[in-house]
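Analysis of the macromolecular model
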Amino acid sequence: MGAESTPDPESPRVRFGAEMRRLRREARWSQAAVGARLGCTQTQVSRLELASRTPSQSDAERLDQMFGLTKKQHFTLLYKRIFSHTGGPSWFLGWVDEIEPAAKVIRSWDPLLIPGLLQTEEYARCVFAQSPRITEEEVEARVRARLRRQRIFDRSDPPYLLVLIDEGVLRRRVGGPEVMRDQLDRLLAAAKLPNVCIQVVDPGCLAGMPGTFMIAEMPEGEPDASYTDSAAEGRISTNRDILASLSNRYEAIRRWAYPEHVSLRMIREVREEWT
């Protein structure tokens, strides 16, 4: 395990927070005063300034108005740079930038592919390259974003990752045999970490048919969150009813999962089939 990760000082999100802090101090406003104008808490303002929270478009527009920068669109342009810099869809940024890095436990169900947090670079590249009408530059940007996302495991206190994957995922060809062997090696290596548990789910399980989802258990004082995927976009929610429904579904899927030692043996066996 490495040291606590810190935001990239060159990132637009860090620049956004630094500019917000600079202008607030020049105006002699407290974080609470800015929060009152933005319609959020002092803690949320602090997280924006520290680049541990992704600003919304309304945040940017209100800050421009607050500091008399509407004509220049200073914060609005910084906001746009954040999203052009990430290589990923804007609706996913809240999960990647705020939820995953702070989560204590992440539960993941993947019926079709290896989960993004455990994908190798080449596996991810092959997955993204299949997206319709995507350019080579967009593929590479998404691959870089995926690898950055995996840095949460470099934290001194990484989240506990509980992964359920359908058995068919191990045999679904992504790239060639070499890509698949390397990817299954990655799963086996990750499973040796004390904070990662990987279980293979019997293909007879129908409870997971609706699709991919993740559940993040957050530190005390912050609401737990869920992420559900679809062909068009994903959805992030802190709604208790949705979380309860997904938690129940996760447990229903887990009842069809093989024990961890059996799952790892299966991964090793399938790995040898990719020749």
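Relevant structure appears above.
Heads up: these notes are all about the structure in this document. Small disclaimer: the values here were computed from a predicted structure and weren't measured.

The rules we used
Residues numbered from 1 in each chain as written. Predicted model: local features only at pLDDT ≥ 70, side-chain atom pairs only at ≥ 80, totals over all residues. Heavy atoms only, no water. 1 Å grid on protein atoms, 1.4 Å probe; cavity = no way out; pocket = protein on both sides within 12 Å on 5 of 7 lines; lining within 4 Å. Points joined across faces, edges and corners; volume = space filled by probe spheres on them. Helix = DSSP H or I, 4+ residues; strand = E, 2+ residues; numbered from the N terminus. Nonpolar A, V, L, I, M, F, W, Y, C, P; charged D, E, K, R; others polar. Pairing = 2+ DSSP bridges. Axes fitted to C-alpha atoms, helices over the stretch in contact; angles between N-to-C directions. Contact = heavy atoms within 4.5 Å. Buried < 20%, exposed > 50% of the residue type's maximum accessible area, 1.4 Å probe, protein only. Core = buried A, V, L, I, M, F, W, Y, C linked by side-chain atoms within 4.5 Å. Phe/Tyr/Trp six-rings, centres within 6.5 Å; stacked < 30°, edge-to-face > 60°. Lys NZ or Arg CZ within 6 Å of the ring centre and 35° of its normal.

Time to look at empty space enclosed by the protein. If you walk through the whole model with that rule in mind, you get 1 cavity of 30 Å³ or more. Put simply, the largest cavity is a space of about 40 Å³. Counting residues per element, the ones that place at least two in the lining of the largest cavity are β1 (105-110) and β2 (160-166). Broken down by class, the residue content of the lining of the largest cavity amounts to 7 nonpolar, 2 polar and no charged.

Take the sheet that holds strand β3 (residues 196-201) next. Taken in spatial order, the 6 strands of this open sheet run β3-β2-β1-β4-β5-β6, and their pairing is mixed. Single-partner strands in this sheet number two, and they are β3 and β6 (235-237). Strand-to-strand twist across the sheet, computed as the mean angle between neighbouring axes with direction ignored, equals 10 degrees. One ladder, built from 6 bridges, connects β1 with β2; its direction is parallel. Bridged to Ile106 within β2 is Leu161. Packed on one face of the sheet, helix α10 (residues 177-191) meets β2 and β3 and runs near 130 degrees to β3. The strands that helix α11 (residues 240-254) touches are β1, β2, β3, β4 (213-217), β5 (225-228) and β6; relative to β4, the one it contacts most, it runs at about 110 degrees.

Position of Phe128 among the secondary structure elements: in helix α7 (residues 121-129). It is 13 Å that separates the C-alpha atoms of Phe128 and Ile114, two residues lying 14 residues apart in sequence. Ignoring sequence-local partners within four residues, the contact set of Phe128 consists of Ile134, Val139, Arg142, Val143 and Arg146.

Moving on to the side chain of Asp64. Relative to the helices and strands, Asp64 is located in helix α4 (residues 57-66). We classify Asp64 as buried; its relative accessible area is 2%. Setting aside chain neighbours within four positions, we find Asp64 in contact with Leu69, Thr70, Gln73, His74, Phe75 and Thr76.

This part takes up the nonpolar core. If you look at the biggest cluster of nonpolar residues, it comprises 39 residues, and the most contacted ones within it are Leu118, Leu161, Leu170, Leu187, Ile198 and Ile267. When residues in this core are grouped by element, the largest group, 7 residues, is from α10. Counting residues in hydrophobic clusters, the runner-up holds 16 residues, among them Leu23, Cys40, Leu48 and Leu69.

Attention shifts here to the packing of aromatic side chains. The relation between two aromatic rings is expressed through the spacing of the ring centres and the mutual angle of the planes. Applying the stated rule across the entire model yields 4 aromatic pairs. Measuring from ring centre to ring centre gives 5.1 Å for Phe16 and Phe75, while their planes differ by 70 degrees; the resulting arrangement is edge-to-face. One end of the pair, Phe16, is in helix α1 (residues 12-26); the other, Phe75, is in helix α5 (residues 74-86), and 59 residues separate them in sequence. Assigned by exposure class, Phe16 and Phe75 land together as buried. Ring geometry for Phe67 against Phe75: centres 6.2 Å apart, planes inclined by 35 degrees, an arrangement best described as tilted. Here Phe75 falls in the buried class, since its relative accessible area comes to 0%. Taken together, the ring pairs connect Phe16, Trp29, Phe67 and Phe75 into an aromatic cluster. A cation over a ring is seen here: Arg37 above Trp29, with NZ or CZ 4.3 Å from the ring centre.

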